[in-house]
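Residue-level structure breakdown
One letter stands for each residue in the lines below.
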Amino acid sequence: MVLRQKNSTVSPEMIAIRALAFLAGREDDLLRFMSLSGADPSELRERAGDPAMLGAVLNHLLSDDALLAAFCSEAGLTPQDVHHARYRLVGE
């Protein structure tokens, strides 16, 4: 039997890393993120643990309702989980 961890105990960093992996699996969405953020593939790899980059990934998801819904569905999260993770990473 596998026990699922409650989303409230998932760190904001883990949510953002999962979001980055989600984008990496969707070439068009990843290219759009890179175009809008100005990041290239090597910068994404180098800064994958940087709160500012992770916040940018979550901001990107939060700016597109369809993309956010697809991520939440795949990750078993709610949009509120993503909002809270973004806030805990970058504030504001």
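To keep things clear, this report deals only with the structure shown in the data block. What you are looking at is a predicted structure, and each value in this text was computed from that prediction instead of being measured.

Glancing now at the overall build of the protein. Each helix and strand counted, the protein has six helices and zero strands in total. Along the chain direction, N to C, the helices and strands of the protein fall in the order α-α-α-α-α-α. Whereas a compact globule of 92 residues would reach a radius of gyration of roughly 12 Å, the protein reaches 13 Å, a difference of no more than 12%. Projected onto its principal axes, the C-alpha coordinates of the protein cover approximately 40 × 25 × 25 Å. Each of the 92 residues in the protein was classed as buried or not, and the buried ones make up 38%. Put simply, of all contacts in the protein between residues at least 6 apart along the chain, 66% involve residues at least 24 apart. Carbon and sulfur atoms make up 53% of the accessible area of the protein, which totals about 5600 Å².

Where charged atoms from two side chains of opposite charge approach closely, those side chains can pair. Enumeration according to the criterion identifies four salt bridges in this entry. A salt bridge links aspartate 29 to arginine 26; its shortest N-O distance comes to 2.7 Å. Using a relative accessible area of 17% as the deciding quantity, one classes aspartate 29 as buried. Judged by relative accessible area, which is 33%, arginine 26 ranks as partly exposed.

With that settled, the discussion passes to helix H5 (residues 65-75). Each α-helix turn comprises 3.6 residues. Residues three or four places apart therefore point the same way. Among the residues of H5, those classed as buried are Leu67, Leu68, Phe71, Cys72 and Ala75. Looking straight down H5, one finds that the buried residues subtend no more than 130 degrees of arc, so they occupy a single side. The exposed residues of H5 that point more than 90 degrees off its buried face are Asp65, Ala66, Ser73 and Glu74. Buried-residue contacts for H5 involve helix H1 (12-24), helix H2 (27-37), helix H4 (51-62) and helix H6 (79-90). N-capping of H5 is provided by aspartate 64, with a side-chain oxygen placed 3.1 Å from the backbone N of alanine 66. Where H5 terminates, the next one or two residues include glycine 76, which has phi positive at roughly 70 degrees.

Right, let's talk about the environment of aspartate 50 for a bit. In this fold, aspartate 50 is placed in the loop between helix H3 (41-46) and H4. For aspartate 50, a relative accessible area of 26% translates into the label partly exposed. Here the alpha-carbon distance between aspartate 50 and glycine 76, two residues 26 residues apart in the chain, equals 24 Å. A distance of 2.7 Å separates a polar atom in the side chain of aspartate 50 from a polar atom in the side chain of arginine 47.

Procedures and definitions
- Residues numbered from 1 in each chain as written.
- Predicted model: local features only at pLDDT ≥ 70, side-chain atom pairs only at ≥ 80, totals over all residues.
- Heavy atoms only, no water.
- Helix = DSSP H or I, 4+ residues; strand = E, 2+ residues; numbered from the N terminus.
- Rg over C-alpha atoms; globule rule 2.2 N^0.38 Å.
- Buried < 20%, exposed > 50% of the residue type's maximum accessible area, 1.4 Å probe, protein only.
- Contact = heavy atoms within 4.5 Å.
- Areas by Shrake-Rupley, 256 points an atom, 1.4 Å probe, with all protein chains shown as cover.
- Salt bridge = Lys/Arg side-chain N within 4 Å of Asp/Glu carboxyl O.
- Arc of directions from axis to C-beta.
- Polar contact = N/O pair within 3.5 Å; in protein donor to acceptor, adjacent residues only side chain to side chain.

The values reported here are purely geometric and, on their own, carry no functional implication.
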